[in-house]
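Next come the chains, spelled out residue by residue.
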2 protein chains.
Amino acid sequence: MGFFTKDIKTMDDLFVHTLRDIYYAEKRILKALPEMIDKTTDPTLKSGFQSHLKETEQHVSRLEEVFRMHGVEAKTVTCPAIDGIIEEAEEISGDIADKEVLDAALAASAQAVEHYEITRYGTLIAWAKRLGRNDCASVLARTLEEEKAADAKLTKIAESKLNMRAAS
Amino acid sequence: MGFFTKDIKTMDDLFVHTLRDIYYAEKRILKALPEMIDKTTDPTLKSGFQSHLKETEQHVSRLEEVFRMHGVEAKTVTCPAIDGIIEEAEEISGDIADKEVLDAALAASAQAVEHYEITRYGTLIAWAKRLGRNDCASVLARTLEEEKAADAKLTKIAESKLNMRAAS
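Note that the structure is predicted; figures quoted are calculated from it, not measured.

Chemist: An account of the side chain of His115 of chain A is needed here, citing residue identities and associated values.
Modeler: Inspection of the secondary structure puts His115 of chain A in helix α4 (residues 99-130). In this structure His115 of chain A touches Asp151 of chain A together with His115, Ile118 and Thr119 of chain B, once residues within four positions along its chain are discounted.

Written as structure tokens, this is what we have:
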């Protein structure tokens, strides 16, 4: 993308660019989750990550559906935000000696990922509606609800169990 | 931090590490906001960013207060997540030709920043309480409320005004 030309000229261009950004992010998350599943030793957190891996596959398919509905090519643009969030997750987890502390950190890192997705899907839904694409908005809204539910579930696991074990 | 040693051994170490991560993030945001203020042409968004710049200065001071309360040195650790989020904001805004579309993108980028802060402060508050530091939790909670309010304000400006102008 453009150091010399400005490629985003309309709201529709911005919508498509941001769809491609979150498409990259979802695919990046698909690659990161198996390692997080391997690292966690808490069975509830592990199974939460496993369900979210399946949901993430669905999120990728839904984005492909939105690209088709909107008549544009399903392709990615590099998303430095998710790269940074995942790099940080990997750095912190590589730096932790204790497995209970590691589980607490992994849950927090996963919540940082969820929050990035929540903000991007929220924006995309608002833009789709404004562009008269309620059909796209409604597909994106299903994913947003799942991201919010995943975040709430992580809060519950962390506060009811992981943080207590990690601090003891 | 540790490629060869694992420096985070306890929940307290993880809490301090994450405080230093968000301390870096707040300082990075302090540097990024003036450029966002310059770029926006919408007066409501510009004044929103200006108020948030003042709040961010307070958030830095509050973190220094928490470091003092907890008896540890106020220092930063590099936070690849905020670096990535801000890099993405700068890339996208450099790629937009139309000023109304740029305002919509700037608001969305600022919301991505807010969401990163919301998740980190949420985690820090839960960890502070678990470590018996309700005093630190209550200082951090004041900042969390301001980050949530800033995000809600951005949603309101975007949906009531910016997105409509950008799509027209």
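Chemist: I'd love a proper account of the confidence of the model for chain A, names of residues and values included.
Modeler: Per-residue pLDDT for chain A has a mean of 95; in total, 98% of the residues score no lower than 70. The ipTM value of the predicted complex is 0.94, and its pTM value is 0.95.

Chemist: Describe the interface of chain A and chain B, and please don't skip the residues or the numbers.
Modeler: Chain A puts 48 residues into the contact, and the matching count from chain B is 48 residues. Both sides together, the interface formed by chain A and chain B hides about 3900 Å², and carbon and sulfur atoms give 58% of it. When the buried surface of chain A facing chain B is broken down by residue, Glu88, Asp95 and Arg130 of chain A rank first, second and third, together holding 17% of it. Glu88 of chain A is the salt-bridge partner of Arg120 of chain B, the closest N and O atoms lying 2.9 Å from each other. The interface formed by chain A and chain B includes 19 residue pairs in polar contact (both at pLDDT 80 or more). Secondary-structure elements contributing two or more residues to the side of chain A that touches chain B are α1 (11-39), α3 (80-93), α4 and α5 (134-167) of chain A. When residues of the side of chain A that touches chain B are assigned to their parent elements, the largest contribution, 16 residues, is made by α4 of chain A. Split by residue class, the side of chain A that touches chain B holds 24 nonpolar, twelve polar and twelve charged.

Chemist: So, the packing of aromatic side chains: which residues are in play, and what are the values?
Modeler: Residues and elements named next belong to chain A. In this structure the tally under the stated criterion is two aromatic pairs over all chains. Seen from their ring centres, Tyr23 and Phe67 are 5.2 Å apart, and the 70° between their planes marks the pair as edge-to-face. With Tyr23 in helix α1 and Phe67 in helix α2 (residues 43-70), this pair connects stretches of sequence that are 44 residues apart. Of the two residues, Tyr23 and Phe67, neither departs from the other in class, the shared state being buried.

Chemist: How would you sum up α4 of chain A? Please name residues and give values.
Modeler: All names here are of chain A. With 32 residues, α4 should cover 46 Å at 1.5 Å per step; its first-to-last C-alpha distance of 47 Å lies within 8% of that length. The buried fraction of α4 is high, at 27 of 32 residues. Of the residues flanking the start of α4, the one acting as N-cap is Asp98, its side-chain oxygen 3.0 Å from the backbone nitrogen of Glu100. Downstream of α4 by one or two residues, Gly132 has phi in the positive range, about 75°.

Chemist: So what about the relation of the copies chain A and chain B? Which residues, and what values?
Modeler: Once turned by 180° and shifted 0.0 Å along the axis, chain A lies on chain B with an RMSD of 0.0 Å. The operation mapping one copy onto its partner corresponds to a two-fold rotation axis. Of the C-alpha atoms belonging to chain A, the one lying closest to the rotation axis is found on Gly84 of chain A, 2.3 Å away. A shared binding surface is used by both copies, with 100% of the interface residues of chain A retained as interface residues in chain B.

Chemist: Outline the packing of α2 of chain A against α5 of chain A, supporting the account with residue identities and numerical values.
Modeler: All names here are of chain A. Viewed as axis vectors pointing N to C, α2 and α5 meet at an angle of 165°, and their least axial separation amounts to 9 Å. Viewed along their axes, α2 and α5 adopt a mutual orientation that is roughly antiparallel. As for the relative orientation of α2 and α5, their crossing is left-handed in sense.

Chemist: Hey, could you go over empty space enclosed by the protein for me, with residue numbers and the actual values?
Modeler: Across all of its chains, the model carries three cavities of 30 Å³ or more by this definition. Together, Ala32, Glu35, Met36, Lys39, Ile86, Ala89, Glu90, Ser93 and Leu106 of chain B line the largest cavity. Only α1 (11-39) and α3 (80-94) of chain B provide two or more residues apiece to the lining of the largest cavity. Residues that form the lining of the largest cavity fall into these classes: five nonpolar, one polar and three charged. Around the second largest cavity sit Leu14, Thr18, Arg120 and Trp127 of chain A together with Ile92, Ala105, Ala108 and Ser109 of chain B, which together line it. Those elements that place two or more of their residues in the lining of the second largest cavity are α1 and α4 of chain A together with α4 (99-130) of chain B. Considering every element that reaches the lining of the second largest cavity, the biggest residue donor is α4 of chain B, with three residues.

Chemist: Mind laying out the environment of Ser61 of chain B, listing which residues take part and the relevant values?
Modeler: Residues and elements named next belong to chain B. By the secondary structure assignment, Ser61 is in helix α2 (residues 43-70). Residue class for Ser61 comes out partly exposed when judged on its relative accessible area of 36%. C-alpha of Ser61 to C-alpha of Tyr23: the two residues are 38 residues apart in sequence and 9.6 Å apart in space.

So, how was this worked out
Residues numbered from 1 in each chain as written. Chains lettered and ligands numbered in written order. Predicted model: local features only at pLDDT ≥ 70, side-chain atom pairs only at ≥ 80, totals over all residues. Heavy atoms only, no water. Helix = DSSP H or I, 4+ residues; strand = E, 2+ residues; numbered from the N terminus. Contact = heavy atoms within 4.5 Å. pLDDT = per-residue confidence, 0-100. Buried area = accessible area lost by both parts, 1.4 Å probe. Salt bridge = Lys/Arg side-chain N within 4 Å of Asp/Glu carboxyl O. Polar contact = N/O pair within 3.5 Å; in protein donor to acceptor, adjacent residues only side chain to side chain. Nonpolar A, V, L, I, M, F, W, Y, C, P; charged D, E, K, R; others polar. Phe/Tyr/Trp six-rings, centres within 6.5 Å; stacked < 30°, edge-to-face > 60°. Buried < 20%, exposed > 50% of the residue type's maximum accessible area, 1.4 Å probe, protein only. Expected span 1.5 Å × (residues − 1). Least-squares fit on C-alpha atoms with pLDDT ≥ 70 in both. Axes fitted to C-alpha atoms, helices over the stretch in contact; angles between N-to-C directions. Parallel < 35°, antiparallel > 145°, perpendicular 65-115°, else oblique. Left-handed = near helix turned anticlockwise from the far one by under 90°. 1 Å grid on protein atoms, 1.4 Å probe; cavity = no way out; pocket = protein on both sides within 12 Å on 5 of 7 lines; lining within 4 Å. Points joined across faces, edges and corners; volume = space filled by probe spheres on them.

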